[in-house]
Amino acid sequence: MTPHVVPDPQAGAAVKAADRAHVFHSWSAQGLIDPLAVAGAEGSYFWDYDGNRYLDFTSGLVYTNIGYQHPKVVAAIQEQAAKLATFAPAFAVDVRSEAARLIAERTPGDLDKIFFTNGGAEAVENAVRMARLHTGRHKVLSAFRSYHGATSTAINLTGDPRRWASDTGSAGVVRFWAPFLYRSPFYAETEQQECERALAHLEDTIAFEGPGTIAAIILETIPGTAGIMTPPPGYLTGVREICDKYGIVFVLDEVMAGFGRTGKWFAAEHFDVVPDLMTFAKGVNSGYVPLGGVAISERIAATFETRPYPGGLTYSGHPLACAAAVATIQVMEDEKVVENAARIGETVLGPGLRELAERHPSVGEVRGTGVFWALDLVRNKETREPLVPYNASGEANAPMAAFGAAAKKNGLWPFVNMNRTHAVPACNVTDDEVKEGLAALDAALTVADEHTV
């Protein structure tokens, strides 16, 4: 594939100048960033105005599950815009109903009612509100090493440093340690030990907080940005049992892990567990138009059968977003995208990453499934000391910055977070594209290797 435009550095400079003059970027010190001016994208690639092409191993922000500019989804948005571009959420609209039906068909268990939002953070906000109203309780338990969004409640639920500047300490949030054997907080040596000790810790936390005060436990089914730590066998089932024991609502956040990313429609399928509420966004329509939502169990939905639910959004179930979702789900079915993600993870991406780990002293652990993988980069494989300190910046983060620059130099746009790089390409990525990405990672890891001891 080659860029569809003739290189035009002058146009790129104009785009960047306008961006620098008027766009306020998220999560950034505005004067310290230098955003790439993007000229176009298609499939697993994007390119700049200088004609440099990059294989996107980030899927945008882990949401372009069917890649960029899929013609069937683009056509569906165009057709819907010509038919009914927008309409208020209080009305029944055909494409909104169809999107809800298709999503409900794929969610586990009885999660058959869909509340639409504009994205994942709003989905979390509303799931927590539903849980609190359903139980009449206020506290919510969430895990360290998690991310749930940047709106008020969602950022307080988050368990990484992005929370710190906005954490009021008064949002009714209590955090606990979820299992992560590679950096176990429980001094476990096996997955079984990690599971048992993590569940005991969670139940102790509930006991000391007061079971009757806790509305919900929220977990990313497989934590995403925090490191793609697949929970050990039995853990999510154990959390489900604890929630049932104490009348606590179990919320699974599938914003990043859902819609094929892990080789299943939803990651919960890997663990045979059904939550009471499940949040989604991102891959539901590959991010072509903002859309998220909450899948609601029969029991929670019944709470609001005759009692009004006090929440809503002007653009809930926006027709353009729902049309994109309908088309995306149909594409995923017709083109067997979920099956491709599972196969790629099992036969190409997973084995390839593990082979890199064998050769590179900077790779401490490889973990993941489907097209949802992380490399934990370390200074020393024996001590497992991270390649850079927790939440490093500036000079302290230089080894990871050098790794990222090397990847880009080799035509790969990497997902880099703290001491990790994530391999999260589109779910319909090809074998050859993955091999291209692995070769670029191989070269970039030699730079990381220079910082090992």
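Relevant structure appears above.
Residues numbered from 1 in each chain as written. Predicted model: local features only at pLDDT ≥ 70, side-chain atom pairs only at ≥ 80, totals over all residues. Heavy atoms only, no water.

### Things to note about the overall build of the protein
Part 1 of the reasoning: Counting secondary structure elements, the protein contains 13 helices and 16 strands.
Part 2 of the reasoning: For 453 residues, the compact-globule estimate of 2.2 N^0.38 gives 22 Å, and the protein sits close to it at 22 Å.
Part 3 of the reasoning: Projected onto its principal axes, the C-alpha coordinates of the protein cover approximately 60 × 60 × 45 Å.
Part 4 of the reasoning: For the protein, with 453 residues in total, the buried portion stands at 55%.
Part 5 of the reasoning: Partitioning the contacts of the protein with sequence separation of at least 6, the portion at a separation of at least 24 is 72%.
Part 6 of the reasoning: Here the protein displays about 19100 Å² of accessible surface, and carbon together with sulfur accounts for 54% of that area.
Part 7 of the reasoning: Looking at the protein, you have 38 positive and 53 negative side-chain charges, and the mean spots of the two groups are 3 Å apart. (Helix = DSSP H or I, 4+ residues; strand = E, 2+ residues; numbered from the N terminus. Rg over C-alpha atoms; globule rule 2.2 N^0.38 Å. Buried < 20%, exposed > 50% of the residue type's maximum accessible area, 1.4 Å probe, protein only. Contact = heavy atoms within 4.5 Å. Areas by Shrake-Rupley, 256 points an atom, 1.4 Å probe, with all protein chains shown as cover. Lys, Arg positive; Asp, Glu negative; His and termini not counted. Charge placed at Lys NZ, Arg CZ, Asp CG, Glu CD.)

### Quick notes on the sheet that holds strand β1 (residues 38-42)
Part 1 of the reasoning: The strand order across the open sheet formed by four strands is β1-β2-β3-β14, and the pairing between neighbours is mixed. Each edge of the open sheet is held by one strand with a lone partner, namely β1 and β14 (412-413).
Part 2 of the reasoning: Pairing analysis gives two bridges linking strand β3 (residues 53-56) to β14, with the strands arranged parallel. Bridged to Leu55 within β14 is Leu412.
Part 3 of the reasoning: Against the sheet, helix α13 (residues 431-449) engages β2 (45-48), β3 and β14, with an angle of about 105 degrees to β3. (Pairing = 2+ DSSP bridges. Axes fitted to C-alpha atoms, helices over the stretch in contact; angles between N-to-C directions.)

### So, empty space enclosed by the protein
Part 1 of the reasoning: Considering all chains together, one arrives at one cavity of 30 Å³ or more under this definition.
Part 2 of the reasoning: Considered as a void within the structure, the largest cavity measures approximately 140 Å³ in volume.
Part 3 of the reasoning: What lines the largest cavity is a set of 16 residues, among which Ala178, Pro179, Leu219, Glu220 and Pro223 lie closest to the centre.
Part 4 of the reasoning: Elements that contribute at least two residues to the lining of the largest cavity include exactly β7 (214-220) and α8 (235-246).
Part 5 of the reasoning: When its residues are assigned to classes, the lining of the largest cavity shows eleven nonpolar, three polar and two charged. (1 Å grid on protein atoms, 1.4 Å probe; cavity = no way out; pocket = protein on both sides within 12 Å on 5 of 7 lines; lining within 4 Å. Points joined across faces, edges and corners; volume = space filled by probe spheres on them. Nonpolar A, V, L, I, M, F, W, Y, C, P; charged D, E, K, R; others polar.)

### Regarding the packing of aromatic side chains
Part 1 of the reasoning: According to the stated counting rule, one finds twelve aromatic pairs in the structure shown.
Part 2 of the reasoning: Centre to centre, the rings of Tyr54 and Trp413 are 5.2 Å apart; their planes meet at 80 degrees, and the pair counts as edge-to-face. Taken as a pair, Tyr54 in strand β3 and Trp413 in strand β14 lie far apart in primary sequence, 359 residues in all.
Part 3 of the reasoning: Ring geometry for Trp164 against Tyr390: centres 6.5 Å apart, planes inclined by 50 degrees, an arrangement best described as tilted. Taken as a pair, Trp164 in the loop between α6 (152-157) and β6 (173-176) and Tyr390 in the loop between β13 (385-386) and α12 (398-409) lie far apart in primary sequence, 226 residues in all.
Part 4 of the reasoning: Taking the relative accessible area as the measure of exposure, Trp164 reaches 48% and is therefore partly exposed.
Part 5 of the reasoning: A residue is classified by how much of its surface remains accessible, and Tyr390, at 52% relative accessible area, is exposed.
Part 6 of the reasoning: Each residue in the set Phe259, Trp265, Phe266 and Phe280 is aromatic and connected to the rest through ring pairs, giving one cluster.
Part 7 of the reasoning: Against the face of Tyr147 rests Arg162, its NZ or CZ located 3.9 Å from the ring centre.
Part 8 of the reasoning: Its end group placed over the ring of Trp413, Lys408 keeps NZ or CZ at 4.2 Å from the ring centre. (Phe/Tyr/Trp six-rings, centres within 6.5 Å; stacked < 30°, edge-to-face > 60°. Lys NZ or Arg CZ within 6 Å of the ring centre and 35° of its normal.)

In short, the description is geometric, and any link to function would need to be established separately.
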